[in-house]
Amino acid sequence: MAACIAIVAAVLIADPGSAADPPEFHWTASQGFLYSSGNNYIDGSGDGVWDFREYAVNAQYEFADNWRVGAQLLGREYGSVGNDRVGLDWALVNWHWRDWLGFKAGQIKVPFGLYHETRDMDALRTEILLPQGVYVEYLREVLTADLGAAAYGAARWSGAGTILYQLQAGERQMDPDDGDLQRLMAESNIEIEDFSAHKPGITAMLRFLPEALQGLRLGATYSIYDYTAEGAVASSPVSIPLRVEVRDNEFATCSIEYSLGNVTAAAEGMWSRYSSGAYVSGAEAPMAEWTDEFSGYYFRCGYRFLDRVEAATGYSYFDATDGMNAARAFAPGAPPRPSHTLEQTDIYFSLRYDATDNLIFKVEHHWLDGTAGIFEGENPDGVEERSRLLAMKAAVVF
Amino acid sequence: MKAKRNSIPLFCTAALLTLMWSGIAPAGEEPSPSTKQKPRVIVNPSVPDTVLEPADLRAIYAGRKTAWNDGSRIKLAVLRTGKCHETFLARFLRKTPSQFLVYWRKRIFAGHGRAPKIMESESKMLEYVRSTKGAIGYLCREPVKGTREVHIRGTAK
């Protein structure tokens with residue numbers, strides 16, 4: 001709401017200047033099918049699930065020279081996450097003062113790796129699922145958007161290349177009802193009711209495009225913020241209100257991508273860490289404290305071998321062997337988690353067919369080893385160490 | 001279940017392999033255009049620049065350079081499809097039409113900017129560039145009165 005008010009106010013006070021172009025609208029939608037052998041990769045996928053879709057519509061308008069406003073609505077369904085609730089994805093007012101310095105304010109997407117900002121737009125990539133070693137689905141919630149402001153720009157060093165940069169600060173927007181983080185918290189027996197921020201999150205993005213090697217992109221991102229999750233112990237016969245304070249939640253990525261003709265190869269690495277304390281409401285001393293650390297990486301290669309057909313393959317590894325420590329913090333005597341629940345390797349093969357520039361069909365097969373991305377809560381009969389995943393999707397974009 | 005892997009050396013190896021593979025292509029090598037057509041970059045006569053560096057042209061068509069040298073706004077136009085479009089992208093931007101389309105769609109859906117003006121034909125491109133202050137476009141035929149050809153440094157006139 002605050003973002004919308006800021007945008008409307010900016011349009012009203014701005015000098016129309018030489019603005020001429022009418023507002024521009026774009027939309028996209030995708031519907032998929034997910035089937036996994038052995039485990040429910042997402043809720044219900046063991047039997048095949050159609051709850052696998054995204055849709056978004058955006059509008060942008062340049063209301064004066066160098067001034068732009070825009071907003072995007074997004075809805076999604078990913079197993080038990082999303083529940084087709086349409087919400088504000090981003091909404092901003094942008095002042096592009098110079099190419100090397102611009103400012104934007106409102107609800108702004110968080111830069112994370114090379115592909116996070118458009119991860120919900122299936123039509124904009126070859127793969128159906130982004131490599132889970134870096135774009136971990138249950139950590140998505142804490143990286144969606146900030147309500148705040150950002151400075152950004154592009155500076156060219158003659159002969160060397162171009163540097164792109166962005167620094168943003170704001171309150172992280174997290175969905176207390178239908179988000180991905182609930183799946184992670186539920187795994188620790190915590191039911192989330194609300195999120196609140198302790199202090200503004202800070203995110204920095206840096207990319208370098210060398211002039212000597214066109215098609216090469218190098219990048220790094222870093223983000224840090226704190227938040228509090230209010231909720232209750234889920235399985236207790238008596239409701240026990242609980243507050244989980246998450247401090248110094250850091251995310252860092254480093255990325256490399258190279259495109260040559262119809263081939264694009266990329267590799268990215270991710271690292272994340274946070275400290276948590278769980279407090280019974282009103283108490284000052286924590287009932288449990290723990291630290292989680294996650295990391296991962298992937299490399300992938302895509303090749304458009306026909307005018308409208310593209311194939312991609314990749315290897316992804318996610319490491320949570322120093323993560324998922326909440327359960328042991330609550331029950332120190334509990335046995336350690338089986339090691340296969342703390343790692344996951346994924347080898348995949350994707351095929352994309354562009355029937356037209358606006359209609360895309362995809363199919364993808366994954367071979368998974370380890371269950372770090374699979375939740376016990378969605379697999380009450382236990383999880384299998386190795387599993388396979390078949391995904392299909394149709395997408396439209398205009 | 002395998003022993004815990006150390007992520008960092010494996011990631012570095014993957015990054016190094018990507019970089020080594022990227023080095024196979026000599027710097028500045030252009031993909032072969034699929035046509036003999038030679039795209040010409042044209043601008044509205046109000047544009048002060050008469051020569052552009054190849055990197056400037058790439059920055060303009062990536063949305064990273066948005067103003068001419070006198071500070072006036074660049075108005076970007078592209079053809080929707082066709083051999084001229086393909087050749088322009090391959091020769092000057094080192095992109096395929098699908099890569100170019102996805103690049104701009106990512107900008108739009110991430111909230112980074114508006115799309116360039118899309119022209120259905122070279123005639124419409126010509127008309128847009130002629131009538132729009134600060135406009136830049138391209139075509140594969142002789143420019144006409146009311147537009148001006150811009151030389152891209154390092155390419156044959």
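Small disclaimer: the values here were computed from a predicted structure and weren't measured. (Residues numbered from 1 in each chain as written. Chains lettered and ligands numbered in written order. Predicted model: local features only at pLDDT ≥ 70, side-chain atom pairs only at ≥ 80, totals over all residues.)

(A) Region of the structure containing the overall build of chain B. Helices and strands together make up the secondary structure of chain B, namely 5 helices and 6 strands. What you see in chain B, going N to C, is helices and strands ordered as α-β-β-α-β-α-α-β-α-β-β. Expressed as a percentage of its 157 residues, the buried residues of chain B come to 36%. Partitioning the intrachain contacts of chain B with sequence separation of at least 6 by distance along the chain shows that 69% fall at a separation of at least 24. (Helix = DSSP H or I, 4+ residues; strand = E, 2+ residues; numbered from the N terminus. Buried ≥ 20, exposed ≤ 12 C-beta atoms within 10 Å, placed from the backbone. Contact = placed C-beta atoms within 7 Å.)

(B) Main features of the overall build of chain A. Along chain A, the regular secondary structure elements total 3 helices and 17 strands. Taking 398 residues into account, the globule formula puts the C-alpha radius of gyration at 21 Å, and chain A, at 22 Å, falls close to it. Principal-axis analysis of the C-alpha atoms places the extent of chain A at approximately 65 × 50 × 40 Å. Counting every position in chain A, which comprises 398 residues, the buried fraction comes to 48%. (Rg over C-alpha atoms; globule rule 2.2 N^0.38 Å.)

(C) Structural view of helix α4 (residues 97-110) of chain B. Residue and element names in this part refer to chain B. With 14 residues, α4 extends 20 Å from end C-alpha to end C-alpha; this agrees with the ideal 20 Å at 1.5 Å per step. Among all positions in α4, only Leu-101, Trp-104, Arg-105, Ile-108, Phe-109 and Ala-110 are buried. Immediately downstream of α4, the backbone of Gly-111 shows phi near 85°, a positive value. (Expected span 1.5 Å × (residues − 1).)

(D) A look at the sheet that holds strand β6 (residues 148-152) of chain B. All names here are of chain B. Strand order in the open sheet formed by 6 strands is β2-β6-β1-β5-β3-β4, with mixed pairing between adjacent strands. Each end of this open sheet is capped by a strand with a single partner; those strands are β2 (51-52) and β4 (117-119). Two elements, strand β1 (residues 40-43) and strand β5 (residues 135-139), share 4 bridges in a ladder whose sense is antiparallel. Its bridge partner lying in β5, Val-43 is registered against Ile-136. (Pairing = 2+ DSSP bridges.)

(E) View of the interface of chain B and chain A. Taken together, the 36 residues of chain B in the interface contact 54 residues of chain A. Elements supplying a minimum of two residues to the side of chain B that touches chain A: α1 (7-22), α2 (54-61) and α4 of chain B. A breakdown of the residues in the side of chain B that touches chain A according to their chemical character gives 19 nonpolar, 8 polar and 9 charged. (Nonpolar A, V, L, I, M, F, W, Y, C, P; charged D, E, K, R; others polar.)

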